[in-house]
Every structure is written in structure tokens, then in C-alpha cells.
Amino acid sequence: MEQRRVKVVKMSTEREEQIAIDTFHTTIHTLGRQNGSEGRRLRYMQKDGRFPVVFQKAPGEWCPYLMDIFTTLVEIRWRVMLLIFSLSYIISWLFFGLCYWLIAYVHRDLENLDNKPCVENVRSFTAAFLFSLETQATIGYGFRGMTENCMVAIIVVTIQDVFSCFIDTIVIGIAVAKMASARKRAQTVGFSSCAVVNLRDGAFCLSWRLGDFRGNHILEGTARAQLVRYVKHPLGSIVLSYQDLHIQNRDIVLATPATIIHRLEAGSPLYNLGPEDLLEEDFELVVSFTYTGDSTGMLHQTRTSYTPADIRWGQRFQDMLRLGKKHYKVDYALFNETTWVQVPMLSAEEYNRGRSPAESSRSRRNLLPSVKRSRDRCPVKPDVTEEVIQEVRL
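No experiment lies behind these values; they were computed from the predicted model shown.

Rules and cut-offs
- Residues numbered from 1 in each chain as written.
- Predicted model: local features only at pLDDT ≥ 70, side-chain atom pairs only at ≥ 80, totals over all residues.
- Heavy atoms only, no water.
- Helix = DSSP H or I, 4+ residues; strand = E, 2+ residues; numbered from the N terminus.
- Buried < 20%, exposed > 50% of the residue type's maximum accessible area, 1.4 Å probe, protein only.
- Contact = heavy atoms within 4.5 Å.
- Areas by Shrake-Rupley, 256 points an atom, 1.4 Å probe, with all protein chains shown as cover.
- Expected span 1.5 Å × (residues − 1).
- Patch = residues over 30% accessible without salt bridge, like charges linked within 9 Å, V, L, I, M, F, W, Y side chains within 5 Å.
- Salt bridge = Lys/Arg side-chain N within 4 Å of Asp/Glu carboxyl O.
- Phe/Tyr/Trp six-rings, centres within 6.5 Å; stacked < 30°, edge-to-face > 60°.
- Lys NZ or Arg CZ within 6 Å of the ring centre and 35° of its normal.
- Core = buried A, V, L, I, M, F, W, Y, C linked by side-chain atoms within 4.5 Å.
- 1 Å grid on protein atoms, 1.4 Å probe; cavity = no way out; pocket = protein on both sides within 12 Å on 5 of 7 lines; lining within 4 Å.
- Points joined across faces, edges and corners; volume = space filled by probe spheres on them.
- Nonpolar A, V, L, I, M, F, W, Y, C, P; charged D, E, K, R; others polar.
- pLDDT = per-residue confidence, 0-100.
- Axes fitted to C-alpha atoms, helices over the stretch in contact; angles between N-to-C directions.
- Parallel < 35°, antiparallel > 145°, perpendicular 65-115°, else oblique.

**Student:** What is the right way to read the overall build of the chain from this model?
**Tutor:** Scanning the chain from N- to C-terminus turns up 11 helices and 18 strands. Here the chain, with 394 residues, has 36% of them falling under the buried criterion. Across the chain, the fraction of contacts at a sequence separation of at least 24, relative to all contacts at a separation of at least 6, is 68%. Total accessible area on the chain is roughly 25,200 Å²; 56% of this is exposed by carbon and sulfur atoms.

Written as C-alpha cells, this is what we have:
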């Protein structure tokens, strides 16, 4: 087992060194050398759509976050946002309380009780802080109040009232924006846990499933798929190439779960890959669905990725849609379930090119090898005409 594993690594290494990338149809980014983790590669995108990317020594450091402070506050976590807003209120109360105390100190309201004060019953810093809190929060207990004796105190109260309205507007706006965040809506629109390869209308197709789990359905959206390849150079650097995949019916009305289809034809980067070649490849299929929420009108995006290990050859998704008396019934318990189908264990290029009689008989024996290798050995009749062979729960 160990020897076989070493051979696979050597074959893949030799294959990667000889790969030539067509730069006319792809976008290429070159990464630096890896440090100590040559045998292990991170995913380009996690299954939940997050990118495991950390920026180091970025130009400007904190400047981009401070220049777009509204977006920064919307994207930070709730506990950090609540801490920042609590501190903003407390600091503003302390600042204006200090201003009222200084006014009372300069006007000698702290020493001379017979003097006409600028603010009634403000004879200490504690009283000045309480007056600042009552003014900004519009509590108005009636014990402390502004007088007409000091114009400076009146100006400070006016500034504090305007500033308090400004803080309240920011807090309410950011709280509403966070509650209506596109990330929350994106969690209710999901992709299937795997992709499948089967025959559709006599041609090989790669497909995956997309569904909306909420009752208020999305009326329209656009699906997109991109193939990210990894090519290692002998010196240790990594080249990432991005290539768009053509999708049939890119615009989708997601009232019911939809199956997104990519036809494996000439021009497709997966055209010459068979089931065995697929396991030796090192790429990642990044898929996304961009749509507008009908409730909020905001733009949302749901995304995930599939590695070669997530692609099932010779399977199709189970039917979820049933016709009832008054409604179409969708069983989401079958969203990630697939069934076996008869598919030649050949690449789309070899299948379209045609085979000799000897190759045809050999391909018949190679249908569904995973069923034959299974310990349960599900019986398969040679004259099977139905599409469903065996149910697999993923």
C-alpha cells in the first residue's frame, strides 16, 4: 500500500511539471514557495463559502478599515460592535460631563453656593456626569437643568444633542444592516454536498444541485462555475489558474430545486478526464449563485467548492419533486442523495470519438466498478433497462 501511494505521488509530480497552461483563456496568479507543508494543500474555498486567506503586511494596514468605517462595523462580530457602541456612549457622557464640570469650575459654581449657577444642582463632577447622561439620553428627571446664565453651557448642550442624534443614527443603521446581512440569507440557499457525472441526451455532463430552504423563494438568480487549478513548479512555487466553465441555463428561477449542468464537450477543461484521471487531478470547482432577495432587495451570493473527491462518476441526483393535488411537494431529505446509473468508464473525449468492438465490450465490463468492489455486492442484471441501480446516501 505504501509503495503504491509513492508511485501515485511521483506520477502526479511528473504530470504537473509537464502541464502547459493556456493563458489566453485563463487568469494566472503565482504564489510563493510553501513552507513545510508540501504534501498537504489547503482548499481554495471552504465548503461553506469562506476563503482561508490571511493578508500579511498589507499596504496601509488599518487605513482601508478606517476609511470605510461603516462597512467595517457591519462586518465585525456582534460582541465587538456592541462593545464599541457602549464605549462610544460612555466616553461621550464622560467627555461632556467633564465640559460641564469645567464650566461650573470656571464660573465658581462649585465653591459659591449663592452664585447663580450655569446648570442647576451641578456642584461636583458626579453631578456633571449625571447631567450629561440625562441630557444625551433625554431622561430629564427635573432635578438638574440648564439656566440662562452661561452661553457656553447652552452651546455645549446643543452640541451634545446633535452628537447624540448622530450616534443613535449610526447604531440603528448598522444594527439593521447586520440583521439584514446577505450572509444570513446565503445560509438558507445551499448547494449539494457533491457533484455527479452522468449522461444527458447522449453526452457527458457534470452537474450539481441548488436549492432554497426558505418559503419566500428567490425569483431569479445567476449561476457561475470556475475551475481553479494548482500547478507546482520544481522550485516550490505554486501557480493558480482560473477558468470559467460554460453552464447551460445560467439564469435560474429558484422556485424549486434546480440542477446546474456543465456539458463535457470540446473546449471544457474536463473533456479529456476519465474517472481514473479525475482522482489524479489537482483542481477545485468553485460554484456560486448570485441573486437578489425579494424581501429586502439586497444582492446575495451563495458559494461552495468541489474537489475531485467530491465528484461522483456514474451517479445522478434523486428526484425531489412530487405532484400533489394542490401543490408541488419538494422532499429536501433527498437533496444530497444520488443513485447509480449506467455510464461508460471513459472520458468524454474517448466516448465521443467512438470505440472499437473490443473496447466496447471491455467498457461494458467496466460499468459501475464501485458496485462490484463493494462488500455488499448488490446484484446487477446484465439486461438492466432502468436507470436507477443502487441508492447511495451521502
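**Student:** When you look at unusual backbone geometry in this model, what are you seeing that I'm missing?
**Tutor:** Trans is the prevailing form of peptide bonds, just as negative phi is the prevailing case for residues other than glycine. Even without being a glycine, Asn121 presents a positive backbone phi close to 60°. For Asn121, the location among the structural elements is in the loop between strand 2 (119-120) and helix 5 (125-136). Residue Asn121 is classed as partly exposed on the basis of its relative accessible area of 32%. Phi is positive for Thr138, which is not a glycine, with a value near 55°. For Thr138, a relative accessible area of 67% gives the class exposed.

**Student:** For this particular structure, what's the right way to read helix 6 (residues 151-179)?
**Tutor:** Residues that lie three or four places apart on an α-helix share one face, since the helix turns once every 3.6 residues. Over its 29 residues, helix 6 runs 43 Å from end to end, which matches the ideal 42 Å to within 8%, given 1.5 Å per residue. For helix 6, the elements touching its buried residues are helix 3 (69-75), helix 4 (78-106), helix 5 and strand 3 (145-146).

**Student:** Any chance you could explain a nonpolar patch on the surface here in plain terms?
**Tutor:** Taken together, the side chains of Trp78, Leu82, Ile172, Val176 and Met179 present a nonpolar region at the surface, about 520 Å² in accessible area. Going through the elements one at a time, helix 4 and helix 6 are the ones with two or more residues in the nonpolar patch. Relative to the assigned elements, Leu82 resides in helix 4.

**Student:** Can you walk me through the packing of aromatic side chains in this structure?
**Tutor:** For any pair of aromatic rings, the description rests on two quantities: the centre-to-centre distance and the angle between the ring planes. The final tally for this structure, using the stated rule, is 12 aromatic pairs. Between the aromatic rings of Trp208 and Tyr306, the centroid separation amounts to 6.4 Å while the plane-to-plane angle is 45°, which identifies the pairing as tilted. Of this pair, Trp208 sits in strand 6 (residues 203-212) while Tyr306 sits in strand 12 (residues 299-306), and the two are 98 residues apart along the sequence. Just as Trp208 is buried, Tyr306 falls in that class too. An aromatic cluster of three or more residues is present, and its members are Phe95, Phe96 and Phe163. We note Lys178 situated over the ring of Trp78; from NZ or CZ to the ring centre the distance is 5.2 Å.

**Student:** I tried to follow the nonpolar core on my own but got confused; where do I start?
**Tutor:** One broad rule of soluble globular proteins: the nonpolar side chains tend to lie buried together. Judged by nonpolar contacts, the single largest core of 34 residues is most densely connected at Leu206, Trp208, Leu285 and Phe289. Residue assignment for this core shows that the elements contributing at least two residues are strand 4 (189-191), strand 5 (195-200), strand 6, strand 7 (218-232), strand 9 (251-254), strand 10 (258-263), strand 11 (283-292) and strand 13 (311-313). Ranked by residues supplied to this core, first place goes to strand 11 with five residues. With sequence-adjacent residues up to four places away left out, Phe289 is seen in contact with Val189, Phe191, Leu210, Ile218, Gly221, Thr222, Ala223, Ile252, Leu254, His300, Gln301 and Thr302.

**Student:** Explain helix 5 here, please?
**Tutor:** If you check helix 5, its first and last C-alpha atoms are 16 Å apart, about what 12 residues at 1.5 Å a residue would give, namely 16 Å. Inspection of helix 5 places Ala127, Ala128, Phe131, Ser132, Glu134, Thr135 and Gln136 among the buried residues, and these make up the whole buried set. Next to the buried residues of helix 5 lie helix 4, strand 2, strand 3 and helix 6.

**Student:** Please explain empty space enclosed by the protein as it appears in this structure.
**Tutor:** Sizing a probe to match a water molecule and rolling it over the atoms shows the empty space that remains. Tallied over the full model, the rule gives four cavities of 30 Å³ or more. Approximately 50 Å³ is the volume attributed to the second largest cavity. Every residue along the wall of the second largest cavity is listed here: Val197, Leu206, Leu264, Leu270, Leu273, Leu278, Ile311 and Trp313. Considering only residue class, the lining of the second largest cavity consists of eight nonpolar, no polar and no charged.

**Student:** So what exactly am I meant to see when it comes to the pattern of salt bridges here?
**Tutor:** Taken as a whole and assessed by the stated rule, the structure comprises six salt bridges. Taking the shortest distance from any N to any O, the salt bridge between Asp244 and Arg224 comes out at 3.2 Å. Highlighted residues: Asp244 in strand 8 (residues 238-244) and Arg224 in strand 7, separated in sequence by 20 residues. Residue classification places Arg224 among the partly exposed residues on the basis of a relative accessible area of 42%. A salt bridge links Glu281 to Arg229; the shortest N-O distance between them is 2.8 Å. Linking Glu281 in the loop between helix 8 (275-280) and strand 11 with Arg229 in strand 7, this pair joins segments that are 52 residues apart in sequence. In this pair, the class of Glu281 matches that of Arg229, namely buried.

**Student:** Could you clarify how one ought to interpret the confidence of the model for the chain in this entry?
**Tutor:** Detailed reading of the predicted coordinates is not advisable wherever pLDDT is low. Per-chain confidence: the chain averages 75 in pLDDT, with 71% of residues scoring 70 or above. Under a pLDDT of 50 for its full length, residues 1-40 has, in the predicted model, 45 contacts with residues more than four places off or in other chains. Confidence drops under a pLDDT of 50 for residues 355-394, and excluding neighbours within four residues, the segment shows 54 contacts in the predicted structure.

**Student:** I tried to follow the packing of helix 4 against helix 6 on my own but got confused; where do I start?
**Tutor:** The relative placement of two packed helices comes down to the angle between their axes together with the axis-to-axis distance. Their axes nearest at 11 Å, the elements helix 4 and helix 6 cross at an angle of 175°. In this view, helix 4 runs roughly antiparallel relative to helix 6, as classed from their interaxial angle. Split into classes, the residues belonging to the contact of helix 4 with helix 6 amount to 20 nonpolar, three polar and two charged.

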